[in-house]
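Working through the structure, step by step
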Amino acid sequence: MRSVITGTGIGVPPNVVTNEALSRLMDTSDEWIRVRSGIQERRYADPGQGSTDLGVMAARNAIADAGLTPTDIDAVLFATMTPDHMLPGNGPLLQTALGLRDVPTFDIRQQCSGFLYGLELADLFLQSGRYRRVLLVGAEVHTGFMPWHLGWDTLIGQSTREITEAERAENTLTRDRTVLFGDGAGAVVIEAREGDTGLGVIRLHTDGTGAGVLTMHGASFKRRPFVSVDQIQSGETLPFMSGKEVFRSAVTLMPQVVREVCEASGIAVEELDLLLVHQANMRIIEGVQKVLGLPPEKVPHNIERWGNTTAATLPILFHECRTLGLIRPGMNLAFTALGSGLHWGAAIYRT
Ligand code: UT7
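Definitions and cut-offs
- Residues numbered from 1 in each chain as written.
- Predicted model: local features only at pLDDT ≥ 70, side-chain atom pairs only at ≥ 80, totals over all residues.
- Heavy atoms only, no water.
- Pairing = 2+ DSSP bridges.
- Helix = DSSP H or I, 4+ residues; strand = E, 2+ residues; numbered from the N terminus.
- Axes fitted to C-alpha atoms, helices over the stretch in contact; angles between N-to-C directions.
- Contact = heavy atoms within 4.5 Å.
- Near = heavy atom within 4 Å.
- Polar contact = N/O pair within 3.5 Å; in protein donor to acceptor, adjacent residues only side chain to side chain.
- Areas by Shrake-Rupley, 256 points an atom, 1.4 Å probe, with all protein chains shown as cover.
- Nonpolar A, V, L, I, M, F, W, Y, C, P; charged D, E, K, R; others polar.
- Domains from an automatic or database assignment.
- Buried < 20%, exposed > 50% of the residue type's maximum accessible area, 1.4 Å probe, protein only.
- Buried area = accessible area lost by both parts, 1.4 Å probe.
- Salt bridge = Lys/Arg side-chain N within 4 Å of Asp/Glu carboxyl O.

1. Re the sheet that holds strand β5 (residues 105-108)
An order of β1-β7-β6-β4-β5 is seen for the 5 strands of this open sheet, with the pairing classed as mixed. Edge positions in the sheet fall to β1 (2-11) and β5, since each of these pairs with one other strand and no more. Recorded for the sheet is a direction-independent mean angle of 20° between the axes of neighbouring strands. By the bridge criterion, 4 bridges tie strand β4 (residues 75-79) to β5 in an arrangement that is parallel. Bridge pairing in β5 places V76 opposite T105. Lying on the sheet, helix α3 (residues 51-65) is in contact with β1, β4, β6 (133-140) and β7 (184-193); it crosses β1 at an angle near 125°.

2. Comments concerning the site of the ligand
As a matter of local geometry, the ligand sits amid 21 residues, with T28, R36, K244, N281 and N308 nearest to it. In the environment of the ligand, an oxygen atom lies 3.1 Å from a nitrogen or oxygen atom belonging to the side chain of H278. N308 is positioned with one of its side-chain polar atoms (N or O) 2.6 Å from an oxygen atom of the ligand. Computed on the free molecule, the ligand has an accessible area of 960 Å², of which 74% lies beneath the protein chains in the complex. Every element with two or more residues in the shell around the ligand is listed here: α2 (30-37), α7 (175-178), α9 (243-265) and α10 (282-292). Considering every element that reaches the shell around the ligand, the biggest residue donor is α9, with 4 residues. Per-class residue counts for the shell around the ligand are 10 nonpolar, 5 polar and 6 charged. Residue-level mapping places the shell around the ligand at the junction of two domains, with at least three residues from each of domain 1 (2-193) and domain 2 (198-350).

3. Brief notes about unusual backbone geometry
In this structure, the amide linkage connecting L87 to the following residue, P88, adopts the cis form with an omega of -5°. Along the chain, the position of P88 falls in the loop between β4 and α4 (90-98). Backbone torsion omega between R224 and P225 reads -5°, so that peptide bond is classified as cis. Mapped onto the elements of the fold, P225 is located in the loop between β9 (214-215) and α8 (229-233). We note that A219 has phi near 45°; this positive angle belongs to a residue other than glycine. In this structure, A219 sits in the loop between β9 and α8. Although it is not a glycine, T310 sits at a positive phi angle of roughly 45°. In this structure T310 comes out as buried when scored by relative accessible area, which is 1%.

4. With respect to the domain arrangement of the protein chain
Partitioning the protein chain into domains gives domain 1 (2-193) and domain 2 (198-350). Distance between the C-alpha centres of domain 1 and domain 2: 15 Å. Across the boundary between the two partners, domain 1 contributes 53 residues, which contact 50 residues of domain 2. Taken together, the two surfaces of domain 1 and domain 2 that pack against each other cover about 4200 Å², and 65% of this comes from carbon and sulfur. If you sort the residues of domain 1 by the area they bury against domain 2, C112, L116 and F145 come out on top, with a joint share of 16%. On inspection of domain 1 and its partner domain 2, the count reaches 1 salt bridge. One salt bridge in this structure joins R322 and D65, with 2.6 Å as the shortest N-O distance. Applying the counting rule to domain 1 against domain 2 returns 23 residue pairs in polar contact (both at pLDDT 80 or more). For the side of domain 1 that touches domain 2, the elements supplying multiple residues, two or more each, are β1, α2, β3 (41-44), α5 (114-127), β6, α7 and β7.

5. Re the sheet that holds strand β11 (residues 274-277)
Pairing is mixed in the open sheet, where 4 strands are placed in the order β8-β13-β12-β11. Only two strands of the sheet have a single partner each, and these edge strands are β8 (198-206) and β11. Pairwise comparison of adjacent strand axes, ignoring direction, gives a mean angle of 15° for this sheet. Inspection of the sheet shows β11 paired to strand β12 (residues 332-339) by 4 bridges, in the parallel sense. Counterpart to L276 in the pairing with β12 is F335. Contacting β8, β12 and β13 (343-350), α5 crosses the sheet at an angle of about 125° to β8. The strands touched by helix α12 (residues 313-323) are β11 and β12; relative to β11, the strand with the most contacts, the crossing angle is about 145°.

Have a look at this one:
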């Protein structure tokens, strides 16, 4: 019995924001963003549109793609670092919006590795026989982090006013992070099926000594009060990232864990037909590809159109590869991701 992805779908927010548009808000350029990250554009949600809304869109598409109806789903795993509310999580909101039965919903907080952690749980749920059809969603609305009061409404056509020099200077303070992230959602339906296709070896790792390299200092229950105007004004409600350290960990640990799952599966790395890497930076994706000695065509990317969508990147990439016909029967696929935690891992998937 294997855990098989029987349906995929994505949820796409409406606003396309180019690098050029961002350069009107801060001291950045299309060239810097393209060269350093590979991103050309990203999507932003409409005001009032949350990660649950995008997740619901993606889930509806995935359930229909699997030939099922929402009432067939036995359990939900929802991975996001940008939930609609601190509490409850997105799971119950999605359950109601989709019209699921009163099935359990789990909220996953492993950021960029959320989808991989979700795959592990889905696999354990299905293999134990506890559930038969699991819905796994990865969805993010990062725009909530953006300093919206500094003229960001112009990006989605909600204002035509000129940005002041002071606003431009303030936006520039967080440009190393704000240009990287986009909004989006991906979902998969996973079912237990006889046969030898589906999820294979999964390996997950956490190293809490790296927690400080990608974290958010504000909006913390260690603070009194947990969030304040001061925290917002000083940028503490935006993720803090030590970009170079995360970069170094990503190009070292993702290849290591891909080798680990290949070895445990008895396949050589060069026998992988496709490697789906978390889409945080084109230079990281190429770095992982080169360290593993894979040709570029085996490591597809869509970061140029989406930016980094955290928990949504792997399900969106998987869906797009399927839609493009890149995933065919008899293939060895691997997923890998690394992000805040540090959490990282990889999974083998046989089609
Ligand atoms: O999914 C979560 C995991 N996250 C990641 O995997 C991200 C990993 N890290 C990265 O992708 C890269 O480190 C970044 C894209 C974040 C930064 O790239 P970098 O090559 O490490 O650039 P840097 O931070 O060393 O910055 C180089 C220069 C600096 O100027 P000086 O000090 O050399 O004068 C920055 O101030 O680029 C400047 N800079 C910018 N310039 C224009 C930083 N951000 C921008 C920007 N536009 N948006």
